[in-house]
Structures are given as structure tokens and as C-alpha cells.
Amino acid sequence: MFSEKNLQELDPRYFVILVKDEWDVSIQSRNTGHYWYLHCSGFPEEESCVIFHKHRFQHPYHQHGRARSLKQAVKSIVKHDEYQLKVRKCV
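Residues numbered from 1 in each chain as written. Predicted model: local features only at pLDDT ≥ 70, side-chain atom pairs only at ≥ 80, totals over all residues. Heavy atoms only, no water.

*Asks:* Would you take a moment to explain the nonpolar core for this structure?
*Replies:* Here is a general trend for soluble globular proteins: nonpolar side chains tend to be buried in one another's company. Among the nonpolar cores identified, the biggest contains 17 residues, and F2, V25, I27 and L38 are the most heavily contacted of them. Listed by contribution, the elements that provide at least two residues to this core are β2 (24–29), β3 (35–40), β4 (49–54) and α2 (70–88). When residues in this core are grouped by element, the largest group, four residues, is from α2. Setting aside anything within four residues of it in sequence, one finds V25 in contact with F2, L7, L10, V19, K20, W36, Y37, L38 and L70. (Core = buried A, V, L, I, M, F, W, Y, C linked by side-chain atoms within 4.5 Å. Buried < 20%, exposed > 50% of the residue type's maximum accessible area, 1.4 Å probe, protein only. Helix = DSSP H or I, 4+ residues; strand = E, 2+ residues; numbered from the N terminus. Contact = heavy atoms within 4.5 Å.)

Here is the structure:
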């Protein structure tokens, strides 16, 4: 389960927060426009989550990875944005 403290740390300047509760977070990056869905699996750690991703609203989500915590998932998303903007220049 995502802790209330970690949910409050989601930066609304960086993300459009679509949905957030103790099990699921849906956000959109303001930098790339990509959509992210983070589902807390609760295993093997309490805040372990599966990261899903899509480029456009109409597209289906695909699994992007896993993280040990919400904080680690957000770091992964920020790194993905940096790659998209600097290396791929896709946005």
C-alpha cells in the first residue's frame, strides 16, 4: 500500500495527477505528455509496484517495469523523461 506521506510527495508541477489512492496512481508527465499507471502490488515490499506506461491517451498501457517504492517509480519516470527529451528528442 502506498503511504499517504509518499502520495503527498507527488509533484503537481511535474505531473498532472489523474488518480491517486493507496493502491493506484495515474499520472501524466507535463514534460513528455506520457501517461503512467503505478499499481501497488504489496509484494515483496509493502510499497512495491508495477509501472505501466503509454505515450498517448488512446493507446493501451504496456508494462514498463517494477519498483520497490513509489519514490523509486517516480525517479524511473523522471529518468525516462530525460531520455525522451535529450536522447530521443521525441517530444
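*Asks:* Hey, could you run me through the sheet that holds β2 in this one?
*Replies:* Whenever strands of a sheet pair, they do so through backbone hydrogen bonds, lying parallel or antiparallel. Read from one edge of the open sheet, five strands run β1-β2-β3-β4-β5, paired in antiparallel fashion. In the strand order of this sheet, the two ends are held by β1 (15–20) and β5 (62–67), each with one partner. Adjacent strand axes in the sheet meet at a mean angle of 20° when their direction is disregarded. Judged from the five bridges that link them, β2 and β3 form a sheet pairing that is antiparallel. Looking across to β3, one finds that S26 is bridged to Y37. Strands β1, β2, β3, β4 and β5 of the sheet are contacted by α2, whose axis makes an angle of about 160° with β3. (Pairing = 2+ DSSP bridges. Axes fitted to C-alpha atoms, helices over the stretch in contact; angles between N-to-C directions.)

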